[in-house]
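Architecture at a glance
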Amino acid sequence: MDPCTIVTNVRSIFSLPDAVFRINDLIDSGEATNTELERIILSDPALTAKLLKFANSTYFGFSGKIETVMKAISIVGHKELRNLVIASSVTTTFKGISPNLVNMDMFWNHSITSGVTARLLTSSVDSRERFFIAGLLHDVGRLILFSQFPKESAKILHCLNQGEDAAIQEERKIFGFTNAQLGAELLKQWKLPPNIWKMVEYQSDPMKNEEYQSDASTLCAAISIANYIQPCTNQPINLETAISDRALKTWSYLGLTAEIVESVITVAKLQVIEVFNAIH
């Protein structure tokens, strides 16, 4: 059993709308025109409505109302459009997961919190939406495990009250891999760029890959802050272990002080409500 095999087996269950893949392929080709992108988006009314709602949220801070898909495309650009489309679609992709294992509203609230926080932590304006998507999708591997291996997942969830590291150890013991590696494989098969899925893959061990060390550290730090704001499950969380030693090392690596983290938390809490209402 390995992540690639599992994802290949469930890819038809956990698939983004066809329009998302068409947009992704078109943007990757480097030959996408705004007219072609608009045509694909308009072919999916639900996606169109969500995209316009998200683009008009105060999260993006665009001046003036964005009333057409064409205007949204011209303002946000192609790469950010891809991220917007994915964010607008992903919450409807995972269905039928036992409420005994996860409260999906709580899960997506945590995921959005992670995305918003990662976006706030990155210093590069050009990379912000990429970090938002990595944060939003960092835990999708866990949803695959909940769906395909509910009994094993229940054991792992019981370890969460001892902290995230304990749950990761249990995943390795039971499966031989982590939910992060499984999630990264899904994002890879969804044809997301490596600078997103590699970040997800190394979120639990940011220093393991030199090329993605800074990105993965930012994601790891964001998740730890999000765990403090909004845990991903309704399992009891011990706040003393909610922030792992590994996460604290990333805070140090990124130069995050208690004051910076506090201000990020304040802004994130406000933005999360806006994004949750826009894409959920």
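Scroll up to find the structure this text is about.
What counts and what doesn't
Residues numbered from 1 in each chain as written. Predicted model: local features only at pLDDT ≥ 70, side-chain atom pairs only at ≥ 80, totals over all residues. Heavy atoms only, no water. Helix = DSSP H or I, 4+ residues; strand = E, 2+ residues; numbered from the N terminus. Rg over C-alpha atoms; globule rule 2.2 N^0.38 Å. Buried < 20%, exposed > 50% of the residue type's maximum accessible area, 1.4 Å probe, protein only. Contact = heavy atoms within 4.5 Å. Areas by Shrake-Rupley, 256 points an atom, 1.4 Å probe, with all protein chains shown as cover. Polar contact = N/O pair within 3.5 Å; in protein donor to acceptor, adjacent residues only side chain to side chain. Axes fitted to C-alpha atoms, helices over the stretch in contact; angles between N-to-C directions. Parallel < 35°, antiparallel > 145°, perpendicular 65-115°, else oblique. Nonpolar A, V, L, I, M, F, W, Y, C, P; charged D, E, K, R; others polar. Expected span 1.5 Å × (residues − 1). Phe/Tyr/Trp six-rings, centres within 6.5 Å; stacked < 30°, edge-to-face > 60°. Core = buried A, V, L, I, M, F, W, Y, C linked by side-chain atoms within 4.5 Å. Salt bridge = Lys/Arg side-chain N within 4 Å of Asp/Glu carboxyl O.

1. Side note on the overall build of the chain
Each helix and strand counted, the chain has 17 helices and 0 strands in total. Rg of the C-alpha trace for the chain: 18 Å, near the compact-globule value of 19 Å for 280 residues, within the 12% margin. Each principal axis of the C-alpha distribution contributes one length, and for the chain these read about 50 × 45 × 35 Å. Of all 280 residues assigned to the chain, the portion counted as buried reaches 55%. Taking contacts inside the chain between residues at least 6 apart in sequence as the whole, the part at least 24 apart equals 72%. Approximately 12500 Å² of the chain is accessible, and the part contributed by carbon and sulfur atoms is 50%.

2. Focus: the environment of Lys173
With respect to the helices and strands, the residue Lys173 is situated in helix H11 (residues 164–175). Distance from Lys173 to Ile156, taken between C-alpha atoms, is 9.9 Å for residues 17 residues apart in sequence.

3. Some details on the side chain of Thr250
Looking at where Thr250 falls in the secondary structure, it is placed in helix H16 (residues 245–254). Side-chain polar atoms of Thr250 contact the backbone oxygen of Ala247, separated by 2.5 Å. Not counting residues within four places of it along the chain, the set of residues in contact with Thr250 comprises Pro206, Ser217, Cys220 and Ala221.

4. Some points on the packing of helix H9 (residues 140–148) against helix H10 (residues 150–158)
At a closest axis distance of 6 Å, the pairing of H9 and H10 adopts a crossing angle of 125 degrees. Put simply, H9 runs oblique to H10. Counting all contacts with H9, which are made through Leu145, Phe146, Ser147 and Gln148, the residues of H10 involved are Pro150, Ser153 and Leu157. In terms of residue class, the contact of H9 with H10 is made up of 4 nonpolar, 3 polar and no charged.

5. What to know about H11
Taking 1.5 Å per residue, 12 residues should reach 16 Å; H11 reaches 16 Å between its end C-alpha atoms and fits that length. For H11, the complete set of buried residues consists of Glu164, Ala166, Ala167, Ile168, Glu170, Glu171 and Phe175. In the core, the buried residues of H11 are packed alongside H9, H10, helix H12 (179–189), helix H14 (213–229) and H16. In the segment just after H11, Gly176 is the residue with positive phi, at about 90 degrees.

6. Notes on the packing of aromatic side chains
If you walk through the whole model with that rule in mind, you get 7 aromatic pairs. Taken together, the aromatic side chains of Phe14, Phe94, Phe107, Trp108 and Trp190 make up a single cluster linked through ring pairs.

7. A word on helix H2 (residues 18–29)
For H2, built from 12 residues, the straight-helix expectation of 16 Å at 1.5 Å per residue is met to within 8% by its first-to-last C-alpha distance of 17 Å. Contacts from the buried residues of H2 go to helix H3 (34–42), helix H4 (45–55) and helix H6 (78–90). Downstream of H2 by a residue or two, Gly30 has a phi angle that is positive, lying close to 75 degrees.

8. Concerning the side chain of Glu171
Counting through the fold element by element, Glu171 comes out in helix H11. Ignoring sequence-local partners within four residues, the contact set of Glu171 consists of Arg142, Leu145, Ile156, Gly176, Phe177, Thr178 and Asn179.

9. A look at the nonpolar core
Core analysis: the largest hydrophobic core is formed by 85 residues, its most contacted members being Phe54, Phe94, Leu136, Leu137 and Trp190. If sequence neighbours within four positions are ignored, Trp190 has contacts with Phe14, Ser15, Leu16, Phe21, Asn24, Val90, Thr93, Phe94 and Leu137.

10. So, the pattern of salt bridges
Using the criterion set out here, one finds 8 salt bridges in the structure. Residue Lys191 is joined to Asp25 by a salt bridge in which the shortest nitrogen-to-oxygen separation is 3.8 Å. Of this pair, Lys191 sits in the loop between H12 and helix H13 (194–201) while Asp25 sits in helix H2, and the two are 166 residues apart along the sequence. Judged by its relative accessible area of 46%, Lys191 falls in the partly exposed class. Among the residues examined, Asp25 registers a relative accessible area of 36% and is labelled partly exposed. Of the charged contacts, one joins Asp28 and Arg82 as a salt bridge, the two residues approaching to 2.9 Å between their closest N and O atoms.

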